[in-house]
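This is what each chain is made of:
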Amino acid sequence: MPTFKEILTATPEKLVNFFYKIKPAPTSEFLVCIDWTATQLGINHWQLVCSLGFNPHARDLTDIMALLGITSFKSLAIRRNELFATDAYEHLPIDNVLDIYTHATHDAEFTRAIQEAIPRRLELIEKSIGNSGNPALEISYRMEVHAIYNGALVGKEFAEKRLGSAALGPCRLVAGEVDVIVDNNLLPASNIFFMDTVLGGEKRGLVERGLVTKDMIRNRLENAALPEEEQKVLSALV
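Calculation notes
- Per chain, the residues get numbers from 1 upward, laid out in the order the sequence is written.
- Given that the model is predicted, a residue must reach a pLDDT of at least 70 before its local features are reported, and side-chain atom pairs must reach 80 or more before they are shown or counted; all residues, however, enter totals for whole chains, interfaces and linings.
- To obtain the side-chain values, all non-hydrogen atoms of the structure were used and water was disregarded.
- Burial here depends on accessible area, computed with a 1.4 Å probe over protein chains only, as a share of the maximum for the residue type. Under 20% is buried, over 50% is exposed, and the range in between is partly exposed.
- In this text, helices come from DSSP runs of H or I with a minimum length of four residues, and strands from runs of E with a minimum of two, each type numbered from the N-terminal end.
- What the arc describes is the spread of directions from the helix axis to the C-beta atoms.
- Residues are treated as being in contact if the distance between any of their heavy atoms lies within 4.5 Å.
- All axes are obtained by fitting lines to C-alpha atoms, using only the stretch in contact for helices, and the reported angles, taken between N-to-C directions, cover 0 to 180 degrees.
- Here the angle decides the label: under 35 degrees means roughly parallel, over 145 means roughly antiparallel, 65 to 115 means roughly perpendicular, and every other value means oblique.
- By convention, the crossing between two helices is left-handed when the near helix turns anticlockwise from the far helix through less than a right angle, and right-handed when the turn is clockwise.
- Put simply, two rings from Phe, Tyr or Trp (the six-membered ring, in Trp's case) pair if the centres are within 6.5 Å, and we call them stacked under 30 degrees between planes, edge-to-face over 60, tilted for the rest.
- A pair of cysteine sulfur atoms is labelled a disulfide when the two atoms are within 2.5 Å.
- Salt bridges are identified by distance alone: a Lys or Arg side-chain nitrogen within 4 Å of an Asp or Glu carboxyl oxygen.
- In protein, a polar contact requires one atom able to donate a hydrogen and another able to accept it; more generally it is a pair of N or O atoms within 3.5 Å, and residues adjacent in sequence count only if both atoms are side-chain atoms.
- Think of a nonpolar core as a cluster: buried Ala, Val, Leu, Ile, Met, Phe, Trp, Tyr and Cys residues, connected wherever their side-chain atoms sit within 4.5 Å.

**Examining helix α15 (residues 214-221)**
Residues of α15 that are buried include every one of Met216, Ile217 and Arg220, and no others. End-on, the buried residues of α15 take up no more than an arc of 100 degrees, which puts them together on one face. Residues of α15 that are buried in the fold lie against α13 (189-193), α14 (200-208) and α16 (228-235).

Dropping the structure here:
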C-alpha cells in the first residue's frame with residue numbers, strides 16, 4: 001500500500017495504479033467515500049485528502065474524484081484546506097506536514113493555500129503548547145515553525161506580527177523562533193533585543209550566540225519599565 005509521501009509525489013500513472021483496485025463505497029456520501037477509500041489504502045481520512053489534494057496531477061483525474069464521492073478537484077481542495085488548518089499532529093504527523101511543505105510548495109496555488117492556513121494552524125497548535133504534557137507535540141511544533149521560515153513560506157511582516165505578541169513569547173521560546181527569524185535575515189538581532197514583547201529567555205539566546213553586546217544589555221537594563229523576568233535574565237548576563 002502507498003505511503004502518504006508516495007501519494008503526494010506520485011505521477012499520474014502511479015496515482016491511477018494506486019486507486020484502480022479500490023472498491024467503490026456502497027454510498028455516494030463523500031465523507032464515507034473518503035473514509036472507505038482511505039481504509040483500503042492503509043491511511044486515514046486526513047492523509048488521503050491532503051496527500052491527494054496537494055498532488056498537482058490529481059487535478060485532472062476525474063475518476064479518482066468520483067471514487068471519493070466528489071465532483072471536482074476544487075471540492076477536494078476545500079476539504080483539504082480545512083483539514084490541514086485544523087489538525088494538531090493528531091491525524092497528520094509531523095513527517096506528513098514536512099512533506100507537504102517540501103513538495104506541495106512547488107505549486108503556486110498550493111503555496112497560497114498553505115500560507116493562508118498557517119496562522120490558523122499555528123494558533124490551534126499553540127493552544128496546547130505547555131499544557132499537553134506531550135513533549136512530542138512541542139518537538140513537532142518546533143520542526144514545523146522552522147520549516148515554515150526556512151521554506152520562505154512567510155516573510156518579515158509575519159515575523160514582526162509574531163514578535164509583536166507578548167502572549168506568544170512562551171510558544172516562540174519552545175520553537176526557537178527568534179533564532180530562525182534571525183538566521184533567515186528577516187529582522188536584525190539588535191532590533192529584536194530591544195522589543196518589549198520579546199521574553200528575556202528569548203533574548204538570552206541572542207546574547208549566547210554573540211549577536212548582542214554587553215553595552216546593549218546595559219542599555220536595555222536602564223529601562224525602568226523592564227519586566228521582572230527580562231530584568232533577571234539580562235542582569236545575569238553582564
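**Thoughts on the environment of Tyr141**
Assignment of secondary structure puts Tyr141 in helix α9 (residues 135-150). A residue is classified by how much of its surface remains accessible, and Tyr141, at 0% relative accessible area, is buried. The spatial distance from the C-alpha of Tyr141 to the C-alpha of Cys171 is 9.1 Å, given a sequence separation of 30 residues. When near neighbours in sequence (up to four residues on either side) are disregarded, Tyr141 contacts Tyr89, Leu122, Ile125, Glu126, Ile129, Arg162, Cys171, Val174, Ala175 and Glu177.

**Topic: unusual backbone geometry**
Phi is positive for Tyr89, close to 65 degrees, though the residue is something other than glycine. If you trace the backbone, Tyr89 turns up in the loop between α6 (73-85) and α7 (94-103).

**Focus: the packing of helix α8 (residues 108-126) against α9**
Two elements in contact, α8 and α9, have axes whose closest approach is 11 Å; the angle formed by their N-to-C orientations is 160 degrees. Comparing their axes, α9 and α8 come out roughly antiparallel. In this structure, α8 meets α9 at a crossing whose hand is left-handed. Seen from α8, the contacting residues are Ile118, Arg121, Leu122, Ile125 and Glu126; seen from α9, they are Leu137, Tyr141, Glu144, Val145 and Ile148.

**Points about the packing of aromatic side chains**
All told, the structure shown has six aromatic pairs when counted by the stated rule. With a centroid separation of 6.1 Å and an interplanar angle of 85 degrees, the aromatic rings of Phe84 and Tyr101 are classed as edge-to-face. Here the residue Phe84 occupies a position in helix α6, and Tyr101 occupies one in helix α7, the gap between them amounting to 17 residues. We classify Phe84 as buried; its relative accessible area is 1%. When the centroid spacing of 5.2 Å and the interplanar angle of 90 degrees are considered together, the rings of Phe193 and Phe194 count as edge-to-face.

**Side note on the state of the cysteines**
All told, the structure shown has zero disulfides when counted by the stated rule. You can see Cys33 has no disulfide; the closest cysteine sulfur is in Cys50, sitting 18 Å from it.

**Describing the pattern of salt bridges**
Taken as a whole, this structure holds 14 salt bridges when the rule is applied. In this structure, the salt-bridge partner of Arg162 is Glu126, at a minimum N-O distance of 2.8 Å. Here Glu126 lies in helix α8 and Arg162 lies in helix α10 (residues 156-163), a separation of 36 residues in the sequence. Classification of Arg162 as buried rests on a relative accessible area of 7%. For Glu177, the salt bridge is made with Arg162, and the minimal N-O distance between the two is 2.8 Å. Linking Glu177 in helix α12 (residues 177-183) with Arg162 in helix α10, this pair joins segments that are 15 residues apart in sequence.

**Here we look at the environment of Asn44**
Inspection of the secondary structure assignment puts Asn44 in the loop between α3 (30-41) and α4 (45-53). Linking Asn44 and Leu92, residues 48 residues apart in sequence, is a C-alpha distance of 8.8 Å. If we skip the residues at most four places from it in the chain, Asn44 touches Ala38 and His91. A polar side-chain atom of Asn44 sits 3.0 Å from the main-chain amide nitrogen of Trp46. From its side chain, Asn44 meets the backbone nitrogen of Gln47 in a polar contact 2.7 Å long.

**Some points on the nonpolar core**
If you look at the biggest cluster of nonpolar residues, it comprises 75 residues, and the most contacted ones within it are Leu52 and Phe84. Once you skip the residues sitting within four places of it in the chain, Leu52 turns out to touch Ile7, Leu15, Phe19, Ala58, Ile64, Met65, Leu68, Phe73 and Leu76.

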